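# Per-entry structural report
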Amino acid sequence: MSLAEAAAQADALAQDGDERALAVLRAQWDEEIESDARNPDYRVRAQAYRAIAQFRFRQKLELLRRGLEDESPAARGSALIALEGLSRNHPGDVNSFRPLLHELAARDPNAAVRRLAVICLKNGTPQRDTIQLLEGIAESEEADPELRKTARVVQSALKKKALAK
């Protein structure tokens, strides 16, 4: 079985709530994910970062940091997708990466990576600096139209979250 197949199986087990089987699968693939996240091939690294979320490996958030700083846009994007999935009910995960997410959202040379960083920010707590950053991106004439739209939507969601508190 490949890592991609094991990750898909782990995702299905997590969705079914079979924590015992998921824990067994995690133990079997733990070292492989760690190794693949350090692989010289960006495609292998990208798959490892995606697998972290599919396996619900919350304890591997620091490994995701490496992915967010990877030179490959595919690996950065996969790490962002994993972080977004892991942080849906855990705003602290996004909050701990906030400065790096701000940097990626504002300056990454890849538009898709910038958009994914903005999407991750929606799972964090509504901080003023994040809302201001998103406002700047949404109003930027130079930004990609999809990025501007996403920034506007996330900014609005964070403002609503702030008002609900």
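Going by the structure above, here's the rest.
Below, the structure is looked at part by part.

Over its 13 residues, helix α3 (residues 42–54) extends 18 Å from the first C-alpha to the last, a length consistent with the 18 Å expected when each residue adds 1.5 Å. Inspection of α3 places Arg45, Ala46, Gln47, Ala48, Tyr49, Ala51, Ile52 and Ala53 among the buried residues, and these make up the whole buried set. Close packing links the buried residues of α3 with α1 (3–16), α2 (19–36), α4 (61–68) and α5 (73–86). A side-chain oxygen of the first residue of α3 lies 2.9 Å from the backbone nitrogen of arginine 43; this N-cap is aspartate 41. Downstream of α3 by one or two residues, arginine 56 has phi in the positive range, about 60 degrees.

Counting 49 residues, the largest nonpolar core has Phe55, Leu64 and Leu101 as its most contacted members. Ignoring anything within four residues of it in the chain, the contact list for leucine 64 reads Tyr49, Ile52, Ala79, Ala82, Leu83 and Leu86.

Definitions and limits used
- Residues numbered from 1 in each chain as written.
- Predicted model: local features only at pLDDT ≥ 70, side-chain atom pairs only at ≥ 80, totals over all residues.
- Heavy atoms only, no water.
- Helix = DSSP H or I, 4+ residues; strand = E, 2+ residues; numbered from the N terminus.
- Expected span 1.5 Å × (residues − 1).
- Buried < 20%, exposed > 50% of the residue type's maximum accessible area, 1.4 Å probe, protein only.
- Contact = heavy atoms within 4.5 Å.
- Polar contact = N/O pair within 3.5 Å; in protein donor to acceptor, adjacent residues only side chain to side chain.
- Core = buried A, V, L, I, M, F, W, Y, C linked by side-chain atoms within 4.5 Å.

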